[in-house]
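Structural features, examined
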Amino acid sequence: MSFTVTEGVAWAIFGSLSLILAGRLLLVRETVIDYLANRLLLWSLLALLLYRWSKAGPFAGVVEQFASGCVVLSTTYLLGIARLEGVNEDMGRVRQRERRYCAIALAFTAAILFAGWSAGEEGLPLDIGIGWQGSLLVLSTSVPITVNTVLFAIRGIRELRTGSREAVEKLVAFALFAVNLFVWTNQLLSASQIVFGRPDLGPYLPRVEWIFTVCIAANGALLALPLAAALGEVAGLDSAGRSRRRLHVLWRDLTEAVPEIVMSPGSDSGSHGRLFRMTVEIRDAILHLGPYLPPTDDGGDGLRGGSGELDRFAHRLALATAARKAGAQPGNPRGAKVLELPAHNFDADLRQLGELSRAWVRVRSSGMPTDEGARPTLSPPPRTGPAGLK
């Protein structure tokens with residue numbers, strides 16, 4: 001039985017993984033897990049490249065053995081992820097473990113190269129079941145790969161059993177377990193070939209390349225998911241980005257009237273961080289504009305009514321922005337006291353500001369006067385409904 005990876009498939013996987021790694025290095029590198037996953041991809045790409053170079057030339061066998069060592073090295077980062085004590089673990093400790101695990105993987109790589117050199121000296125091919133060199137080859141690849149993947153799977157199962165997980169996280173965990181199960185099955189088949197001589201799976205090193213290529217292609221697809229989410233944030237296509245677009249007109253107009261409340265972006269300028277900052281700035285701007293609101297006959301400066309009350313409040317807020325930008329003196333000291341918007345948490349706050357933003361757009365596009373000359377008291381005239389607007 002022959003296990004081969006065609007050139008077209010190999011280069012396509014190499015190219016796609018290179019793009020994923022480049023994107024992750026730019027956009028997905030905040031956490032310790034991101035660091036380890038990116039290193040895993042880097043070593044995996046080197047292994048794929050060495051496998052391409054091992055197909056011809058006088059040093060083809062040595063290059064193939066180096067590639068197998070890179071496969072072992074890449075799996076050490078699965079062990080690194082499994083041994084993490086938390087997503088905020090000190091990077092110094094993580095790198096210390098990384099150096100230790102990589103040293104062990106390099107020792108296994110040296111054993112693979114030694115087995116290949118010894119087999120060459122005796123005129124033997126380096127393969128499973130041929131001399132002690134073949135046994136050393138299998139042990140130097142199978143043992144570290146099995147240990148690393150098993151410990152990684154155990155950590156994943158433990159994480160799934162503790163606490164609730166999103167559906168996407170569960171799907172990724174099951175996909176990773178399926179990939180590991182594929183590896184373990186092939187390891188058992190190799191052990192059966194050594195002990196019983198069957199099934200006949202063909203040369204061992206080409207099979208390692210085939211198994212690794214299948215697994216890294218699957219893992220690369222999973223590692224592309226956070227990159228796709230990061231690209232969505234950059235493009236504003238995530239939920240926070242959509243919310244920012246809904247609030248943008250309101251935020252722009254209010255901060256033009258009260259520019260001093262605009263905060264600096266800070267270090268946590270992610271999509272959700274920018275949305276949170278926008279909501280805080282809108283609320284601060286409304287509080288600053290409270291004294292400029294035209295007073296009402298009923299004394300109501302709150303925002304507890306329906307859509308009609310929102311339209312009415314948005315109109316008064318537009319008059320307040322015009323008054324402040326025109327340099328008028330505040331004439332409603334009570335507005336600064338009772339204008340707290342009655343939201344109970346961030347989600348409720350966001351929904352409320354979204355409704356106000358829609359009302360703001362309606363008022364601005366209705367042709368209703370919003371200049372300083374239109375600042376009379378806005379009490380609801382008779383037979384005009386709760387909005388107080390004709």
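The structure contained in this document is the topic of the report that follows. (Residues numbered from 1 in each chain as written. Predicted model: local features only at pLDDT ≥ 70, side-chain atom pairs only at ≥ 80, totals over all residues. Heavy atoms only, no water.)

**Details of the pattern of salt bridges**
Counted only if it meets this: Put simply, a salt bridge is a Lys or Arg side-chain nitrogen that is within 4 Å of an Asp or Glu carboxyl oxygen. Only DSSP runs of H or I reaching four residues or more are called helices, and only runs of E reaching two or more are called strands; each is numbered from the N terminus. Partly exposed describes any residue whose relative accessible area lies between the buried limit of under 20% and the exposed limit of over 50%, with all areas from a 1.4 Å probe on protein chains only and scaled to the type maximum.
Per the stated rule, a full pass over the model turns up 13 salt bridges. For arginine 24, the salt bridge is made with aspartate 34, and the minimal N-O distance between the two is 3.7 Å. Of this pair, arginine 24 sits in helix α1 (residues 7–27) while aspartate 34 sits in helix α2 (residues 32–53), and the two are 10 residues apart along the sequence. Residue arginine 24 is classed as buried on the basis of its relative accessible area, which comes to 1%. With relative accessibility at 12%, the residue aspartate 34 sits in the buried group. With a shortest N-O distance of 3.0 Å, glutamate 98 and arginine 39 are connected by a salt bridge. Taken together, the residues glutamate 98 in helix α4 (residues 91–121) and arginine 39 in helix α2 connect sequence positions 59 residues apart. Look at glutamate 98 and you get buried, because its relative accessible area is 9%. Here the salt bridges share partners, and the residues they tie into one network are Glu85, Glu89, Arg93 and Arg97.

**Overview of a nonpolar patch on the surface**
Note the following rule: Patch definition: residues with relative accessible area over 30% and no salt bridge; like charges joined within 9 Å; nonpolar side chains (Val, Leu, Ile, Met, Phe, Trp, Tyr) joined within 5 Å. Computed by Shrake-Rupley with a 1.4 Å probe, the accessible areas treat only the displayed protein chains as cover when residues are assessed.
The grouping of Leu139, Val143, Val147, Val150, Leu151 and Ile154 at the surface amounts to a nonpolar patch, some 450 Å² of accessible area in total. When you line up the elements, valine 143 lands in helix α5 (residues 131–161).

**As for the environment of alanine 67**
Heads up, the rule is: Should any heavy atoms of two residues lie within 4.5 Å, those residues are counted as being in contact.
Structurally, alanine 67 is set in helix α3 (residues 60–82). On the basis of relative accessibility, which here comes to 0%, the residue alanine 67 falls in the buried class. It is 9.1 Å that separates the C-alpha atoms of alanine 67 and serine 44, two residues lying 23 residues apart in sequence. Among residues more than four places away in sequence, those in contact with alanine 67 are Ala47, Leu50 and Tyr51.

**Overview of the packing of aromatic side chains**
Applied cut-off: Only centres within 6.5 Å qualify two rings of Phe, Tyr or Trp (six-membered ring in Trp) as a pair; their planes then separate them into stacked at under 30 degrees, edge-to-face at over 60, and tilted for everything else.
Inspection of the entire model under this criterion finds 5 aromatic pairs. Each ring, one from phenylalanine 114 and one from tryptophan 132, has its centre 5.9 Å from the other, and the planes form 40 degrees; the classification is tilted. Taken together, the residues span a long stretch of sequence, with phenylalanine 114 in helix α4 and tryptophan 132 in helix α5 at a distance of 18 residues. Relative accessible area serves as the criterion here: at 42%, phenylalanine 114 is assigned to the partly exposed category. Relative to tryptophan 184, the ring of phenylalanine 177 has its centre 5.8 Å away and its plane inclined at 80 degrees; by these criteria the two rings are edge-to-face. The partly exposed category is assigned to phenylalanine 177, whose relative accessible area is 34%. The exposure class assigned to tryptophan 184 is buried, which follows from its relative accessible area of 18%. Connected via pairs of aromatic rings, a cluster forms that spans Phe114, Trp117 and Trp132.

**Points about the packing of helix α8 (residues 239–257) against helix α12 (residues 346–365)**
Short version of the rule: Only the stretch in contact is used when fitting a helix axis, every axis being a line fitted to C-alpha atoms; angles between N-to-C directions are given from 0 to 180 degrees. Roughly parallel here means an angle under 35 degrees, roughly antiparallel means over 145, roughly perpendicular means 65 to 115, and every remaining angle is called oblique. Crossings are assigned a handedness: left-handed for a near helix turned anticlockwise from the far helix by less than a right angle, right-handed for a clockwise turn. Throughout this entry, Asp, Glu, Lys and Arg are counted as charged residues, while Ala, Val, Leu, Ile, Met, Phe, Trp, Tyr, Cys and Pro are counted as nonpolar. The remaining residues, Gly among them, count as polar.
The N-to-C vectors of α8 and α12 enclose an angle of 60 degrees; their axes lie 9 Å apart at closest approach. By the angle between their directions, the pair α8 and α12 is classed as oblique. The two elements α8 and α12 cross, and the hand of that crossing is left-handed. On α12, the residues touching Ser243, Arg246, Leu247, Val249, Leu250, Asp253 and Leu254 of α8 are Leu350, Leu353, Gly354, Leu356, Ser357, Arg358, Trp360, Val361 and Arg364. In the contact of α8 with α12, the residues fall into 9 nonpolar, 3 polar and 4 charged.

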